[in-house]
Every structure is written in C-alpha cells, then in structure tokens.
Amino acid sequence: MSTTLSKFQGTLVGAVVGDCIGAIFESLWAKTINPNKVIGAIENLETVSKEEDNHRIYKFTDDTAMARSVAKSLVINEGFDASDMAERFSENYFDEPDRGYGGNVINVFSQLKELDYKDVFGPAKKQFGGSGSYGNGGAMRIAPAALFTFKDNDPEKSKDLVTQITSITHSNNQAILGAVLQSYAVDMALNSSSSFSPDEMVDALITLMKMVEEEPKETNQSSEGPQKEDKSEQKLKTYVEKLELIKTYLKQEEQPTQLTVHTELGADISAFESVPAAVYSFLRSQKDFSDLKDRNSFEKTIVYAISLGGDSDTVATMAGAIAGACYGVESIPISWQKCCEGVEDAKKFAEGLYKLSQMS
Ligand code: F2R
Ligand code: MG
Ligand code: MG
C-alpha cells in the first residue's frame, strides 16, 4: 500500500491532471467521447513531455483554481476560515477570470468582494431566485477538505466542513450532498489498498449517504435531484439511488456502455449528474478494459471518466482525486505530471495537509 503522503499527493495531483486533460474535451459537451480519442490526446501529451521546452502546456481550469484556494486556506489557517477562503476564491477569479468558471458563480464572487468578505454565505443563498446553485463547483474543489479531515476518521465532522466550504458558493442541497459524497469517496480511497473491493466500497458509500440524505433539512430544499425542464428520462431522485445503480452496474458481467452511463448516471454540470459518474469511473476501472490493457488503474480511471463526455474536466478531476487517493502519486505517469500546470503546487499543498494530519 502507498504511504499516506503518497496518497495525499496522489489525491491533489490526480485532481489536477484530471482537470487539465479533461479540459481538452469539456468544450465539446459530447454525449460520449471515443476512448481512442482520449488515448490519442494522452499519447500526444506523452510525446510532448519528452520535449523539454514544451512542458506544462495543459492548463488547469476553475476546478483546480478553486481547489488550490481550499488547500491554501486550510493549510495557512490550520483550519477553516470562511472569510479567508471566500476571499481566495474571489480574488483568484478576478486575477484569472478566464479559467472557465461557471456562468453564475462569478456573480457570487463579485458580491463577496463588494461585501468585503463579511457576509460569506449570503450571496450564494440568493443565487437562482433563492434556490442556490446545484452546479458541481462545490464537489469539484473539495478533495483538500477530505485530506484535512482524514485524521479524524469522523464522517459527521467531514460532512460539516464540506458543507461550510461548499456553501460559500453553492447553497442548493444537491450541490452540498454531491460535495459530501465526493469527499467520502476520497476518504475511503485514502483508507483502501489498491486491491479494494468496488462492491464493498459502494455499499459503504450507500450507508453513509443514507444517513446524510435522511437528515432533516434546515431549508425547504428537497433532497431530491435538481428539477430541470424534462425529468421524464431522469428517474433517479437521490444520491443513494444513483449509488444503488452503480452497485447494479458493478455486478453485471458486462459493464454498461458509456452512453448508458452518461444517460442514466449523468455527466453534466450539476453535482447530481456528475459526482456519481466520477465515483463509478473510479470503481469501474478496477475491472478490465479490452482497449486499455497497458494502462494502470489510475490511467484507466481518467480515460474512462473523460469518455463519458459532458462535463469532462470536472468528472475527470473528481475521479482523478479518488483514484490518486487510492493508488498514490506514483501511479500517475511522470509524463502527465510534467505536462499539466499546477502539479508541483498540488504536491506542496498535499505536503502541508499531510503535516497538519500528523499534528495532535
Ligand atoms: N463553466 C464551465 N464550463 C463552461 C460551461 C458553460 C455552461 N453553458 C454554463 O452553464 O455555465 N465549467 C466549470 O463550471 C462548472 C462548475 O460550475 P459551478 O461552479 O457550479 O457554477 P454555477 O454557475 O454555480 O453553476 C453552473 C451552471 O449550472 C446551472 N445551474 C446551477 N444551479 C442552477 C439552478 N438552481 N437553476 C438553474 N440552473 C442552474 C447554470 O447554467 C449555471 O451556469 C464545472 O464544469 C467547471 O469546469
Ligand atoms: Mg473547469
Ligand atoms: Mg467542468
């Protein structure tokens, strides 16, 4: 089993490479992407990495920009400081607005700044007429929080921190629950060996998410999935139901096609339709792929997550964090690390969080 430091670095580096490589495909908003196309982009990256001058051409996006703020804020303050984290989110956006942020979250950044980071949770609550954003922007950045709460081994504590961090920009319950699921998945991967049982892990996630989804809500928000225009094809209403579907997939002799997963689990900009896809990408990659025989489980996770199409940088960053937590930083090819912007910083943030985890 990898060392804890390697797993911490794997988590944050895995998230960065998932974002950087996934971002090549996000703009397509495709139903699915042929895995051979993803492999083609990766082979290109592997070739480029050999040319010294062309390193780090794959830029990170908002997913990593916000995860860096979460990590930095937790490390510098040795804990959660809502105002500091909000300021980092916002100032990073104003420094680099072209990182591909969500269409509406940028209004939260402006309002936070106007309010001088004093009413930290107010602006997010006003989004979308008061229902709050159900986007995956909370879940995509949450991996450093899972590293911070790792030492406590306390799902309740972890859920509370994730809820606070997410609520700075996303007050909709679905966005918060998605971030909680993502954080639980990272935590389980940190605690697992590379020969873990996908069936057992999904069962453990179901148990935890049942407790969270059954909790009474503070607001009048439903714990059911986002209500969009036509729900006729979206039959599943809770994260537990999505995890049950993943369990069914894993039991099948033949795994479902990418199109089926995209349609049934989702690979969209909402948390409800992207976090389960990230979890499944990781679990599914324990099994064989006929066309990915020479790739390790971390690589398979990233290729598979991107092949689900849709919000590919975000599904891949979340799947990459879980896979990196499980398999450690040594599972992430050096050539990928060399080509993706932000990898060295991710290692430093992971080291900082690791040091905090060793303190009593
Ligand atoms: N922004 C992108 N990619 C470009 C996509 C453009 C797209 N047309 C768009 O709608 O934004 N990628 C990055 O954004 C995602 C994370 O977004 P985040 O941080 O959750 O942002 P936001 O603005 O809060 O939500 C995103 C969109 O979701 C829809 N939405 C959310 N809550 C809603 C609600 N309650 N009612 C109706 N619609 C809601 C809106 O379209 C938001 O703009 C990641 O993919 C990241 O990579
Ligand atoms: Mg992005
Ligand atoms: Mg995205």
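Being a predicted model, the structure only gives us computed values, none of them experimental.

1. Side note on the coordination of the magnesium ion (ligand 3)
In the first shell of the magnesium ion (ligand 3), the protein supplies Glu 26 (OE), Asp 311 (OD), Asp 313 (OD) and Thr 314 (OG1), at 2.0 to 2.3 Å from the metal. Given 6 donor atoms and angles of 77 to 177° at the metal, the environment of the magnesium ion (ligand 3) is assigned as octahedral. The metal-metal distance between the magnesium ion (ligand 3) and the magnesium ion (ligand 2) is 3.7 Å, with Asp 313 serving as a donor to both. In this pair, Glu 26 is assigned in helix H1 (residues 4-26) and Asp 311 in the loop between helix H14 (297-307) and helix H15 (312-327), connecting sequence segments 285 residues apart. Each member of the pair, Glu 26 as well as Asp 311, carries the same accessibility label: buried.

2. Some words on the confidence of the model for the protein chain
Averaged over every residue, the pLDDT of the protein chain is 93; residues scoring 70 or more account for 94%. Long-range and interchain partners of residues 227-232, a stretch whose pLDDT sits below 50, account for 6 contacts in this model, where long-range means more than four residues apart.

3. Observations regarding the coordination of the magnesium ion (ligand 2)
Here the magnesium ion (ligand 2) is held by Thr 61 (OG1), Asp 62 (OD), Asp 63 (OD) and Asp 313 (OD), and the distances to it run 2.0 to 2.3 Å. Given a relative accessible area of 7%, Asp 62 falls into the buried group.

4. Side note on the site of ligand 1
Around ligand 1 lies a shell of 24 residues, among which Asn 104, Ser 133, Tyr 134, His 170 and Asp 311 are the nearest. Separating a nitrogen atom of ligand 1 from a backbone N or O atom of Gly 100 is a distance of 3.3 Å. Within the backbone of Gly 132, a nitrogen or oxygen atom sits 3.0 Å from a nitrogen atom of ligand 1. Burial of ligand 1 by the protein chains amounts to 76% of its free accessible area of 830 Å². Its residues assigned to classes, the shell around ligand 1 comprises 7 nonpolar, 12 polar and 5 charged.

5. Overview of the UniProt feature "binding site: Mg(2+)" (unreviewed entry) in the protein chain
The positions UniProt marks with the feature "binding site: Mg(2+)" (unreviewed entry) are Thr 61, Asp 62, Asp 63, Asp 311, Asp 313 and Thr 314. In three dimensions, the annotated residues from a span of 254 residues occupy one location, with a maximal C-alpha spread of 12.5 Å. Mapping Thr 61 onto the fold places it in the loop between helix H2 (35-48) and helix H3 (62-77). What makes Thr 61 buried here is its relative accessible area of 11%. Those residues within four positions of Thr 61 in sequence are excluded, and the remaining contacts are Asp 19, Ala 23, Arg 99 and Asp 313.

6. Observations concerning the nonpolar core
Judged by nonpolar contacts, the single largest core of 117 residues is most densely connected at Val 17, Met 209, Leu 243, Ile 246, Val 279, Phe 282 and Leu 283. Once residues lying within four places of it in the same chain are set aside, the contact partners of Val 279 are Leu 181, Ala 185, Leu 205, Leu 243, Ile 246 and Ile 322.

7. Regarding the state of the cysteines
Going through the model one piece at a time under the given rule, you end up with 0 disulfides. Free of any disulfide, Cys 340 has its nearest neighbouring cysteine sulfur in Cys 20, separated by 4.3 Å. By relative accessible area, Cys 340 is classed as buried at 0%.

8. Here's the deal with the packing of aromatic side chains
Following the criterion strictly, the structure yields 13 aromatic pairs and no others. Arranged with centres 5.5 Å apart and planes meeting at 85°, the rings of Phe 8 and Phe 150 form a pair that is edge-to-face. Of this pair, Phe 8 sits in helix H1 while Phe 150 is found in the loop between helix H7 (143-149) and helix H8 (155-167), placing the two residues 142 residues apart along the sequence. Accessibility expressed as a relative area gives 0% for Phe 8, which makes it buried. Consider the rings of Tyr 93 and Tyr 101, whose centres lie 5.1 Å apart with planes at 85°: the pair is edge-to-face. Each of the two residues, Tyr 93 as well as Tyr 101, counts as buried. Across from the ring centre of Tyr 304, 5.6 Å away, lies the NZ or CZ of Arg 284, which sits over that ring.

9. What about helix H4 (residues 82-95)?
Relative to the 20 Å expected for 14 residues at 1.5 Å per residue, H4 spans 20 Å between its end C-alpha atoms, a close match to the ideal helical length. The complete set of buried residues in H4 reads Ala 82, Asp 84, Met 85, Ala 86, Phe 89, Ser 90 and Tyr 93. In this structure, the buried side of H4 is in contact with H3, helix H5 (105-114) and H8. Measuring from the side-chain oxygen of the N-cap residue of H4 to the backbone nitrogen of Ser 83 gives 3.2 Å; that N-cap residue is Asp 81.

Thresholds applied
- Within each chain, residue numbers correspond to sequence positions counted from 1 in written order.
- Chain letters start at A and ligand numbers start at 1, both assigned in the order the entries are written.
- Local features are withheld for residues below a pLDDT of 70 in this predicted model, meaning they are given only at 70 or higher, and side-chain atom pairs are given and counted only at 80 or more; totals for whole chains, interfaces and linings count all residues.
- Only hydrogens and water are removed before side-chain values are computed, so all heavy atoms of the structure are retained for them.
- Sodium, potassium and calcium take a 3.2 Å donor cutoff, other metals 2.8 Å, and in both cases only N, O and S atoms count; water is not among them, so sites may look incomplete.
- Every angle between 85 and 135 degrees makes a four-donor site tetrahedral, while opposite donors more than 155 degrees apart, with all other angles between 65 and 115, make a four-donor site square planar and a six-donor site octahedral; other sites are irregular.
- Numbering of helices and strands runs from the N terminus; a helix is a DSSP stretch of H or I covering at least four residues, while a strand is a stretch of E covering at least two.
- Any residue under 20% of the maximum accessible area for its type is buried, any over 50% is exposed, and the rest in between are partly exposed; the area is computed with a 1.4 Å probe on protein chains only.
- For every residue, the predictor reports its confidence as pLDDT, a number between 0 and 100.
- In this description, contact between two residues means that some pair of their heavy atoms is separated by no more than 4.5 Å.
- Residues are labelled near a given molecule or strand when at least one of their non-hydrogen atoms is within 4 Å of it.
- In the analysis that follows, any N or O atom pair within 3.5 Å is treated as a polar contact, provided that within protein one partner can donate a hydrogen and the other can accept it, and provided that, for residues neighboring in sequence, both atoms belong to side chains.
- Here the Shrake-Rupley method, with its probe set to 1.4 Å, supplies the accessible areas, and only the displayed protein chains count as covering residues.
- The nonpolar class holds Ala, Val, Leu, Ile, Met, Phe, Trp, Tyr, Cys and Pro. Asp, Glu, Lys and Arg form the charged class, and all remaining residues, Gly among them, are polar.
- UniProt positions are given in the numbering used here, feature names are shortened, and annotations may be inferred rather than shown by experiment.
- What is meant by a nonpolar core is a set of buried Ala, Val, Leu, Ile, Met, Phe, Trp, Tyr and Cys residues, joined one to another through side-chain atoms within 4.5 Å.
- Throughout, a disulfide means two cysteine sulfur atoms within 2.5 Å of one another.
- Two aromatic rings, drawn from Phe, Tyr or Trp (for Trp, its six-membered ring), form a pair once their centres lie within 6.5 Å of each other, and the interplanar angle then sorts them: stacked below 30 degrees, edge-to-face above 60, tilted otherwise.
- A ring has a charge above it when a Lys NZ or an Arg CZ is no more than 6 Å from the ring centre and no more than 35 degrees off the ring normal.
- Helix span, as expected, comes to 1.5 Å for every residue beyond the first.

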